Amino acid sequence: QVQLVESGGGLVQAGGSLRLSCAASGSIFSINVMEWYRQAPGKQRESVATIRSDGITNYADSVKGRFTISSDNAKNMLYLQMNSLKPEDTAVYYCSVAGTTVWSTAFRSWGQGTQVTVSS
């Protein structure tokens, strides 16, 4: 099993910054992709940012230039630096990791989510 634990959410004023962290642990052999998603009240979950094992990143148009995804592969850590936050960034943020276990099975795991609230 692979477990993900997010941290770093909170309440911030518009224009402020937050840094989310996600720690992956368990029977991980390799990680292929690490992602951040978010879900606002009444809306579907959406992809925010993705980082592949080769370092290639991708961002939703709504966060380009403001958010930065990064990872520490040695520690199985994922980060999301969020700058210039807007009220519309308010959501529960989830990390997701996909890869291979030590038993050579594929996995995709989700964290429990962390609330980010941006006040105007």
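Residues numbered from 1 in each chain as written. Predicted model: local features only at pLDDT ≥ 70, side-chain atom pairs only at ≥ 80, totals over all residues. Heavy atoms only, no water.

> Please explain the pairing of strand β3 (residues 18-26) as it appears in this structure.
Looking along a regular strand, one sees the side chains alternate between the two faces of the sheet. Relative to β3, strand β1 (residues 2-7) runs antiparallel, the two sharing six bridges. Bridge pairing in β3 places V5 opposite A23. By the bridge criterion, six bridges tie β3 to strand β8 (residues 77-82) in an arrangement that is antiparallel. Across the sheet, the residue bridging to A23 is M77, located in β8. (Pairing = 2+ DSSP bridges. Helix = DSSP H or I, 4+ residues; strand = E, 2+ residues; numbered from the N terminus.)

> Explain the environment of E6 to me, please; I cannot follow it from the model alone.
Of note, E6 is situated in strand β1. Exposure remark for E6: the relative accessible area of 5% places this residue in the buried category. Along the sequence, E6 and Y93 sit 87 residues apart, while their C-alpha atoms lie 8.5 Å from each other. Excluding residues within four positions of it along the chain, E6 makes contact with S21, C22, W36, Y93, Y94, C95, G111, Q112, G113 and T114. (Buried < 20%, exposed > 50% of the residue type's maximum accessible area, 1.4 Å probe, protein only. Contact = heavy atoms within 4.5 Å.)

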